[in-house]
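Each chain, letter by letter, is given below.
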Amino acid sequence: MHEATLTIGQLAERSGVAPSALRYYERLGLIHAVRTGGNQRRYARTELRRVAFVRISQQVGVSLDEIRAALDSLPAGRTPTPEDWAALSRGWRERLDERIRLLGKLRDDLDGCIGCGCLSLQRCTLYNPGDSLATEGPGARLVLPRADPG
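Here's what I pulled together on the structure shown here.

Calculation notes
Residues numbered from 1 in each chain as written. Predicted model: local features only at pLDDT ≥ 70, side-chain atom pairs only at ≥ 80, totals over all residues. Heavy atoms only, no water. Helix = DSSP H or I, 4+ residues; strand = E, 2+ residues; numbered from the N terminus. Buried < 20%, exposed > 50% of the residue type's maximum accessible area, 1.4 Å probe, protein only. Arc of directions from axis to C-beta. Contact = heavy atoms within 4.5 Å. Core = buried A, V, L, I, M, F, W, Y, C linked by side-chain atoms within 4.5 Å.

**Quick look at the side chain of glutamate 47**
- Its location among the elements puts glutamate 47 in helix α3 (residues 47-59).
- Classification of glutamate 47 by relative accessible area gives buried; the value is 8%.

Dropping the structure here:
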C-alpha cells in the first residue's frame, strides 16, 4: 500500500467511523476514494479531515445535503488550506449562532419546566391552551423563532 493512502479499515479506525458509514459517505460524495487494481478502496489521508467535518457538522444538526454542498465548495485537485476551511465555516456562523441561541432557550425552558416539578398547565411556559398558536404555523411556536409577518 502507498504510504499516503489508507484502507477503509484504517480510515475507520483513525476516524472512529464505521466502514459502513464511510461507504455511505462515499456514495453521497462526501468523501472520495481511489480504487486499486483489485477494486479495493484507498483514501488519501486528507479524507480524515473531511470525515471529521462531516461528523461534527452532523452533531450540530447540519443535514448531509448541506454538508455535501459545503464540501463541494472546497477546491478540487488540492488539499484545502486553513483559509478554505475558514471560508466554509464563515458561511455557517450565523446559522450556528441561531442554533446555539435556540438550544439555550430550550435548555432554559426545560429547566424551568422540569426543574419546578409543578406539572401545572396553568404555569407552563410551553402550554398552548386550545391550540391558539395554530394560526401562526406549524411547529413549536413558543420555542421556535416566529416568522416575520412582512
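**Remarks on helix α2 (residues 19-28)**
- What α2 keeps buried is the set Leu22, Tyr25 and Glu26. Relative to the axis of α2, the buried residues are bounded by an arc of 100 degrees and lie together on one face.
- Buried residues along α2 sit in contact with α1 (8-15), β2 (34-35), β3 (41-44) and α3.
- Just past α2, the residue glycine 29 takes up positive phi, approximately 85 degrees.

**What to know about the nonpolar core**
- Grouped together as the largest cluster of nonpolar side chains are 23 residues, with contacts concentrated most on Leu11, Leu22, Phe53, Ile67 and Leu71.
- If you list the elements that add at least two residues to this core, you get α1, α2, α3, α4 (64-72) and α5 (82-116).
- The residues touching leucine 22, leaving out its near neighbours within four places in the chain, are Ile8, Leu11, Ala12, Ser15, Val17, Ile31, Tyr43 and Val51.

This is a description of form; function is not addressed.
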